[in-house]
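Coordinate inspection notes
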Number of protein chains: 2
Amino acid sequence: MTEKPPVDGCSETKQFTFASLPLESGEILGPVTLAYETWGTLNRERSNAILICHALTGNAHATSWWETMVGQGKAFDTERYFVICSNVIGGCHGSTGPSSQNPTTGKPYGLDFPVITIGDMAAAQEQLINHLGIEKLLAVAGGSMGGMQALSWTVKFPSRVKSAVVIASAVRHSPQQIAFNEVGRQAIMADPHFNKGQYYNGNPPERGLATARMVGHITYMSDQSMEGKFGRRFRENRSATKFGGDFAVAGYLQYKGDAFVQRFDANSYLYITQAVDLFDLTALKTLPEMLQDSRGISFLVLSFRSDWLYPSAQSKELVRGCKLAGIDVTYAELSSTYGHDAFLLETEEETPLVGHFLRRIAGSVEIAGHV
Amino acid sequence: MTEKPPVDGCSETKQFTFASLPLESGEILGPVTLAYETWGTLNRERSNAILICHALTGNAHATSWWETMVGQGKAFDTERYFVICSNVIGGCHGSTGPSSQNPTTGKPYGLDFPVITIGDMAAAQEQLINHLGIEKLLAVAGGSMGGMQALSWTVKFPSRVKSAVVIASAVRHSPQQIAFNEVGRQAIMADPHFNKGQYYNGNPPERGLATARMVGHITYMSDQSMEGKFGRRFRENRSATKFGGDFAVAGYLQYKGDAFVQRFDANSYLYITQAVDLFDLTALKTLPEMLQDSRGISFLVLSFRSDWLYPSAQSKELVRGCKLAGIDVTYAELSSTYGHDAFLLETEEETPLVGHFLRRIAGSVEIAGHV
């Protein structure tokens, strides 16, 4: 509670550790460390804090993976807001995950790491927000799995958030979305180096993880963006092997797969994709019923026409649920051709839409403060 | 040339072997065996023969994999037509492929099998049609890769076909379609049992091939058909492992992947997917230019609204090319929700559309014969 936020836009990754976190599965995870970063300055009223939640393979360094949106003068304006981002639990960039040391064995958890959910990720973030001394977030925001965390905040901690920005996301994973993740998991577990998740003293299951990432990348792009970027061109350095992937698109996917294994843990991929697949705001109640206690929260929901992985229909389902629950919700379908990746790449429409929304919410906060 | 076709609708797989086939790559494959089946009776004018071309993993037994469409009283009516289907070269169901014996080594070809193309598949089929004593096919027909072979016939052997039925297909593979195939190939080659394609004396790369098939199956179904078939249900026998695929859709994909490796050769998967990726009727000329010599052929082009792997836009590109070339072409987009698999499953619209088309073509043949 005593840690002082940095005074300007600069940031470095910090760590916050707390004793234990009760998980939705009933298990208890502890100790729990969250790697996080902050940018900007928390104002005296502590009313300008925004929590940014990352997608599947992101990390706390939001100005890197969401550089289009986070920074001085950008939509998440670090001159105006105090921006926070933490690596999710289950991750492998500084927060407690399957590659962390299991305190009961002294070895990496591996598959002894408990099942985690999107709600657990949000619950861990709430500990961080408490630690930072923030009573109420101006906004919780994210794209894809980040949007699911934002949604989880609105139902788990409705009194702690003023608004939610949910981009290219869904209230639950469809069977097709589950299926793509399942292929990735099967590829990882089929790799002989997987060794039931205990590969930390040997070679990790790199080929399996690379295959998983290749599948992912196809789903993140649109047919149109692939056509524009690669077409049917052959790669410049055609490989010697007969099936080395002579097409430029194949070379790109292989490169992306190979690069990914340098920065990501295969077990984290299993746990985090499972958390996404398990996410379902409608599992117990209808969506409007589920959102009953969230009526004080303003929602901004964005989707992209070319995103076939998280199609606009999923965002519209959230919007309809909000409307039926009597929630203030703004929705726009953006025309970017980048596919699902658009939430990371597009700026022309996304920047003003998020920027205007946040300034409107911030304005109403200030007015409330003056009353 | 002397083989007599069976006299009724019964069939069994036969084999036809010829000395050599010059391939589009410049290499020569030989000897070449084609496994094939026929149904129905060739009429005296030899004018009622239809060649059916199978998709990626099909075989000569069309009444099995296309049972909705091939048989007595069905669209490809075996009481009316003499229906022929052969396993493609490069395949593993009786025709010469990478698992066949390489005459120069006495061992299976493995990756010494030459690169084959869709055009090579058609050229091998032409040898079979010659062998059967058929001067001109009433129709050449197929879905998906089968449609590509039909297209190849229309440009390579335009004087040998009266009509072409091209269903859920494309004049070239898009980068997205190439990318999905590339993931499958990478999964196979990443399997430690792959052994550079020489696995015939040991364990085949079953896990890799199963992963490839899982990716394929996702692309064959539609979001809607998956929703209807699985939703977010859990499978009945949830596995003991933490990531065993607890969702019904995951269990289905695993089952399909595991079943597939029992009937398919991984090297054939590599060669045939590559042939599909290399297919491009527009590589050298515009499509109307490419179809200039096909103006005597009538085309039926069908696509399915829910097919996102071979979207209707690809079929419409073919139709536009036909129209610009002055070709008689009929096009319909069918409303099935089955996705790409619809060409194998749908009957309500596909059966009458194909049936009427073939009877029209057959009728004009008969009239011509009477003049």
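All figures in this text were calculated on a predicted structure; none of them were measured in a lab.

**Description of helix H10 (residues 312-324) of chain A**
Residue and element names in this part refer to chain A. With 13 residues, H10 ought to run about 18 Å at 1.5 Å a step, and its terminal C-alpha atoms sit 18 Å apart, in line with that. Residues of H10 that are buried: Ser 312, Gln 314, Ser 315, Leu 318, Val 319, Gly 321 and Cys 322. Where the residues of H10 are buried, they touch helix H3 (145-156), strand S10 (163-167), helix H4 (175-190), helix H9 (287-290), strand S11 (298-304) and strand S12 (329-334). Positioned one or two residues after H10, Gly 326 has a phi angle of 75°, which is positive.

**Concerning the environment of Phe 82 of chain A**
Residue and element names in this part refer to chain A. Within the element layout of this structure, Phe 82 appears in strand S8 (residues 82-86). A residue is classified by how much of its surface remains accessible, and Phe 82, at 1% relative accessible area, is buried. For the pair Phe 82 and Leu 42, spaced 40 residues apart in sequence, the C-alpha to C-alpha distance is 5.0 Å.

**Let's talk about the sheet that holds strand S12 (residues 329-334) of chain B**
Residues and elements named next belong to chain B. In spatial order, the strands read S1-S4-S8-S5-S9-S10-S11-S12; together these eight strands make up an open sheet with mixed pairing. Looking along the sheet, the strands with just one partner apiece sit at the ends: strand S1 (14-18) and S12. Going from strand to strand, the sheet's axes swing by 20° on average, the running direction of each strand aside. Of the strand pairs in this sheet, strand S5 (residues 49-53) and strand S8 (residues 82-86) are connected by four bridges, and their pairing is parallel.

**Some remarks on the interface of chain B and chain A**
Counting residues at the interface gives 51 residues for chain B, matched by 51 residues for chain A. Buried area between chain B and chain A, both sides added, is near 4,300 Å², and the carbon and sulfur share of it is 68%. Where chain B packs against chain A, one counts two salt bridges. For Asp 280 of chain B, the salt bridge identified is with Arg 232 of chain A, shortest N-O distance 3.2 Å. Our enumeration of links across chain B and chain A arrives at twelve residue pairs in polar contact (both at pLDDT 80 or more). Breaking the side of chain B that touches chain A down by element, the ones donating at least two residues are helix H4 (175-190), helix H5 (206-220), helix H6 (223-229), helix H7 (248-260) and helix H8 (266-278) of chain B. If you tally residues by element for the side of chain B that touches chain A, the top one is H4 of chain B, at twelve residues. Taken together, the residues of the side of chain B that touches chain A sort by class into 29 nonpolar, eleven polar and eleven charged.

**Examining the pattern of salt bridges**
Working definition: two side chains of opposite charge can pair if their charged atoms are close together. All names here are of chain A. Here the structure, examined in full by the defined rule, presents 16 salt bridges over all chains. Residue Glu 333 pairs with Arg 305 through a salt bridge whose shortest N-O separation is 3.1 Å. You can see Glu 333 sitting in strand S12 and its partner Arg 305 sitting in the loop between S11 and H10, a full 28 residues away along the chain. Residues joined in a network through salt bridges with shared partners are Glu 182, Arg 185 and Asp 277.

The rules behind these values
- Residues numbered from 1 in each chain as written.
- Chains lettered and ligands numbered in written order.
- Predicted model: local features only at pLDDT ≥ 70, side-chain atom pairs only at ≥ 80, totals over all residues.
- Heavy atoms only, no water.
- Helix = DSSP H or I, 4+ residues; strand = E, 2+ residues; numbered from the N terminus.
- Expected span 1.5 Å × (residues − 1).
- Buried < 20%, exposed > 50% of the residue type's maximum accessible area, 1.4 Å probe, protein only.
- Contact = heavy atoms within 4.5 Å.
- Pairing = 2+ DSSP bridges.
- Axes fitted to C-alpha atoms, helices over the stretch in contact; angles between N-to-C directions.
- Buried area = accessible area lost by both parts, 1.4 Å probe.
- Salt bridge = Lys/Arg side-chain N within 4 Å of Asp/Glu carboxyl O.
- Polar contact = N/O pair within 3.5 Å; in protein donor to acceptor, adjacent residues only side chain to side chain.
- Nonpolar A, V, L, I, M, F, W, Y, C, P; charged D, E, K, R; others polar.

Keep in mind that these numbers describe shape and distance, not what the molecule does.
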